[in-house]
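What follows is each chain in one-letter form.
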Amino acid sequence: EPNPGRLQDRTDGRRYTTRYTSLRDLIMMAYDLDPRQIVGGPTWVASDEYDIDAVAADGVPAAGNWDVMLQKLLTDRFQLAFHHEQREMSVYALTVAKGGPKLKTADPNEQRGSGCNHMGICSFQNDPVEHFARWLQLVMDKPVVDKTGLKGQFDFTLIWTPDESQFTSMGIRVPPAAENPNVPPGLFTAIQEQLGLKLGQQKIPTEVLVIDHVEKPSEN
């Protein structure tokens, strides 16, 4: 069984399920935001957890565009209303490192797939760099903004040794790294060495979603 407080979501055909997921997490997934880019609203937005089992209606885009379905669910079930603002925030900017990217251009006929786990392995297939930046937001303690300018779909794998500052937004506590000289490098070094990209802190105007109105959903 999944642990309460831990994000669990998956897609299977036209069905989308998620367990122990807060409204804040649903907004994060629906609008491709870091949790720190969601402001306002009552405290239960972050604390109450929901199990969602939804089936895409006819006309909803195919798998890979589940954000459209989630946005409709948030409007229909939670009566979510919001507006966007630009606020200066400390973020991690993902840029191209000196020497250029080390990403393999994907075959457009490949199946798309992406994900990172708390063991320090990210695997992306036929995915844009912006999806990698989005996953990094679950790992890092600040929002991640794609500033690489890289367009298209790529295949790549990243392996690193997580530290205790990572995955905190998912409620995961990373154990101390083993004293082993053969363990993978830290995240910042791994991104540069393995992907030819660079992750650095910047303070820039960043879009935030401000909750104007929200209601707890009625029981099914």
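In case you missed it, the structure is sitting above this.
A brief structural summary.

### Considerations on the packing of helix H4 (residues 129–139) against helix H5 (residues 187–195)
If you want to describe how two helices pack, look at the angle between their axes and the distance between the axes.
Move 1: Packing of H4 against H5 leaves a shortest axis separation of 14 Å and a crossing angle of 160°. Classed by the angle they form, the pair H4 and H5 counts as roughly antiparallel. The two elements H4 and H5 cross, and the hand of that crossing is right-handed. When H4 is examined against H5, the residues Phe132, Leu136 and Val139 are found in contact with a partner set consisting of Leu187, Ile191 and Leu195.
Move 2: Of the residues in the contact of H4 with H5, the class split is six nonpolar, no polar and no charged.

### With respect to the side chain of Thr148
Move 1: Mapping Thr148 onto the fold places it in the loop between strand S9 (144–146) and strand S10 (154–159).
Move 2: Judged by relative accessible area, Thr148 falls into the buried class, the value being 11%.
Move 3: In terms of polar contacts, Thr148 uses its side chain to reach the side chain of Asp146, at 2.7 Å.
Move 4: A polar contact is formed between the side chain of Thr148 and the backbone nitrogen of Leu150, at a distance of 3.1 Å.

### Considerations on the environment of Ala133
Move 1: Among the secondary structure elements, Ala133 is positioned in helix H4.
Move 2: For Ala133, a relative accessible area of 3% translates into the label buried.
Move 3: Separated by 13 residues in the primary sequence, Ala133 and Asp146 have C-alpha atoms spaced 5.9 Å apart.
Move 4: Contact partners of Ala133, with chain neighbours within four places excluded, come to Leu94, Val144 and Asp146.

### A look at the pattern of salt bridges
Move 1: Here the structure, examined in full by the defined rule, presents five salt bridges.
Move 2: For Arg36, the salt bridge identified is with Asp34, shortest N-O distance 2.6 Å.
Move 3: You can call Arg36 partly exposed: its relative accessible area is 30%.
Move 4: One salt bridge connects Lys216 with Asp48, and the closest N-O pair in it is separated by 3.2 Å. Separated by 168 residues along the polypeptide, Lys216 in the segment after strand S11 (197–213) and Asp48 in the loop between helix H2 (44–47) and strand S4 (49–55) bring together distant segments of the chain.

### Quick notes on helix H1 (residues 23–31)
Move 1: Of all nine residues in H1, seven are buried; the element is thus mostly enclosed.
Move 2: The complete set of buried residues in H1 reads Leu23, Asp25, Leu26, Ile27, Met28, Met29 and Ala30.

### Some thoughts on unusual backbone geometry
Move 1: Even without being a glycine, Gln79 presents a positive backbone phi close to 50°.
Move 2: By the secondary structure assignment, Gln79 is in the loop between helix H3 (66–78) and strand S5 (81–96).
Move 3: Phi at Asn126 is positive, roughly 55°, even though this residue is not glycine.
Move 4: Among the secondary structure elements, Asn126 is positioned in strand S8 (residues 121–127).

### Focus on the sheet that holds S11
Move 1: The sheet built from four strands is open, its strands ordered S3-S11-S5-S9 with mixed pairing. Since the sheet does not close on itself, it has two edges, and those belong to strand S3 (38–39) and S9, each with one partner.
Move 2: By the bridge criterion, three bridges tie S5 to S9 in an arrangement that is parallel. Across the sheet, residue Leu94 finds its bridge partner in S9, namely Asp146.

### What about the pairing of S8?
Move 1: As paired strands, strand S7 (residues 113–117) and S8 are joined by five bridges and run antiparallel to one another. Each residue of the ladder has a partner; that of Gly113, found in S8, is Gln125.
Move 2: Inspection of the sheet shows S8 paired to S10 by five bridges, in the antiparallel sense. Looking at the pairing, Ile121 lines up with Ile159 of S10.

Reading the values: the criteria
- Residues numbered from 1 in each chain as written.
- Predicted model: local features only at pLDDT ≥ 70, side-chain atom pairs only at ≥ 80, totals over all residues.
- Heavy atoms only, no water.
- Axes fitted to C-alpha atoms, helices over the stretch in contact; angles between N-to-C directions.
- Helix = DSSP H or I, 4+ residues; strand = E, 2+ residues; numbered from the N terminus.
- Parallel < 35°, antiparallel > 145°, perpendicular 65-115°, else oblique.
- Left-handed = near helix turned anticlockwise from the far one by under 90°.
- Contact = heavy atoms within 4.5 Å.
- Nonpolar A, V, L, I, M, F, W, Y, C, P; charged D, E, K, R; others polar.
- Buried < 20%, exposed > 50% of the residue type's maximum accessible area, 1.4 Å probe, protein only.
- Polar contact = N/O pair within 3.5 Å; in protein donor to acceptor, adjacent residues only side chain to side chain.
- Salt bridge = Lys/Arg side-chain N within 4 Å of Asp/Glu carboxyl O.
- Pairing = 2+ DSSP bridges.

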